[in-house]
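Descriptive analysis of the structure
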Amino acid sequence: MAECKKELKHDGVVPSHVADYFVGFWAWDSWKHAVALAQIDPALAKDQVRAMFDFQDSVGMIADCIYTDHRENNYRDSKPPLAAWAVNAIYEADHDLSFVREMYDKLVLYHEWWFRYRDHNKNGICEYGATDGTLEAAKWESGMDNAIRYDSTQMLLNEKGAWSMDQESVELSAYLELERKYLMHFAELLGVPFRGKKNRTLPWITSLTRSAVIILIAN
């Protein structure tokens, strides 16, 4: 565990203390750490999630990774959207509705970010991408940095500061659909109208939510 220090505002678990460049928080590592921590230390699990959202930008993006020195934070890309999954796991562990309320608007903003900045042809099926137009960062965003599926991938400009791969992603679509369902559940718990679209995705994507859960468990 790393206590919050310097410019990190909350405690959390880092991947390793062996090398200096691993002493930071990565987005989807943090979501997975939070799910595990929810079973033994819900308070730390909440801080793990908060630590990433402390650096959410004005349009909703969550950075790939954050460090004790903000100048090292990586906003070239994000990471697969598993934050709502983590918040749900924490809620199931301690039933603290105040934490769901604290995170809800931030989660919705992040969910909407994907469809605004990572859906090149606006068909509701998102792609991994980057803010700097590089394939390297887009691969990092997928979490599968060296996968051969990206060997011939090209980058497409969506708008200034937003690029997508020319490859729509099945698992990203599944993650986003699962996230949408969690957000609808949170809205119901909080007694507020759901801010997103209730029927955004195509029917075949809905059937992939079970696959998303399998992928999460396997990783």
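Residues numbered from 1 in each chain as written. Predicted model: local features only at pLDDT ≥ 70, side-chain atom pairs only at ≥ 80, totals over all residues. Heavy atoms only, no water.

**Focus on the sheet that holds strand S3 (residues 129-130)**
Stated precisely, the cut-off is as follows: Strand pairing is assigned whenever DSSP detects at least two bridges linking the two strands. Note on conventions: DSSP H or I runs of at least 4 residues are helices, E runs of at least 2 residues are strands, and numbering of each starts at the N terminus.
The sheet built from 3 strands is open, its strands ordered S3-S5-S4 with antiparallel pairing. Only two strands of the sheet have a single partner each, and these edge strands are S3 and strand S4 (155-159). Bridging between S4 and strand S5 (residues 162-165) involves 4 bridges; their strand directions are antiparallel. Bridged to Glu159 within S5 is Ala162.

**Considering the packing of aromatic side chains**
Note the threshold: Any two of the Phe, Tyr and Trp rings considered here, Trp counted by its six-membered ring, make a pair once their centres fall within 6.5 Å; the pair's planes then place it as stacked at under 30 degrees, edge-to-face at over 60, or tilted in between. In this scheme, a residue with accessible area under 20% of its type's maximum is buried, one over 50% is exposed, and one in between is partly exposed, where area comes from a 1.4 Å probe on protein chains only. Any Lys NZ or Arg CZ that is within 6 Å of a ring centre and within 35 degrees of that ring's normal is treated as a charge sitting over the ring.
In total, this model carries 8 aromatic pairs according to the counting rule given. Seen from their ring centres, Trp26 and Tyr67 are 5.6 Å apart, and the 80° between their planes marks the pair as edge-to-face. One end of the pair, Trp26, is in strand S1 (residues 24-26); the other, Tyr67, is in strand S2 (residues 65-67), and 41 residues separate them in sequence. The pair Trp26 / Tyr67 is uniform in exposure class, with both members buried. The ring centre of Phe55 lies 5.5 Å from the NZ or CZ of Lys9, which sits over that ring.

**Let's talk about the pairing of S5**
Note that S3 and S5 share 2 bridges and pair antiparallel. The residue of S5 that forms the bridge with Gly129 is Ser164. Between S4 and S5, which pair antiparallel one after the other, the connecting turn spans 2 residues, and Gly161 there sits at a positive phi close to 80°.

**Some points on the pattern of salt bridges**
Counted only if it meets this: Only one rule defines a salt bridge in this text: a Lys or Arg side-chain nitrogen within 4 Å of an Asp or Glu carboxyl oxygen.
Under the defined criterion, the tally for this structure stands at 12 salt bridges. Arg50 is paired through a salt bridge with Asp47; the nearest N and O atoms lie 3.0 Å apart. Here Arg50 pairs with Asp47, and both are found in helix H2 (residues 42-53), just 3 residues apart, close to one helical turn. Both residues of the pair, Arg50 and Asp47, count as buried. When the shortest N-O distance is used, the salt bridge between Arg76 and Asp132 registers 2.5 Å.

**Some thoughts on the nonpolar core**
Applied cut-off: For the purposes of this section, nonpolar cores are sets of buried Ala, Val, Leu, Ile, Met, Phe, Trp, Tyr and Cys residues that join through side-chain atoms within 4.5 Å.
Counting residues in each nonpolar core, the largest one holds 61 residues, and the members touching the most others are Trp31, Val49, Leu107, Trp114 and Phe186. Among the elements of the structure, helix H1 (27-37), H2, helix H3 (83-94), helix H4 (97-117), helix H5 (135-142), S5 and helix H6 (170-190) are those that each provide at least two residues to this core.

Honestly, that's just the spatial picture; any functional story needs more than this.
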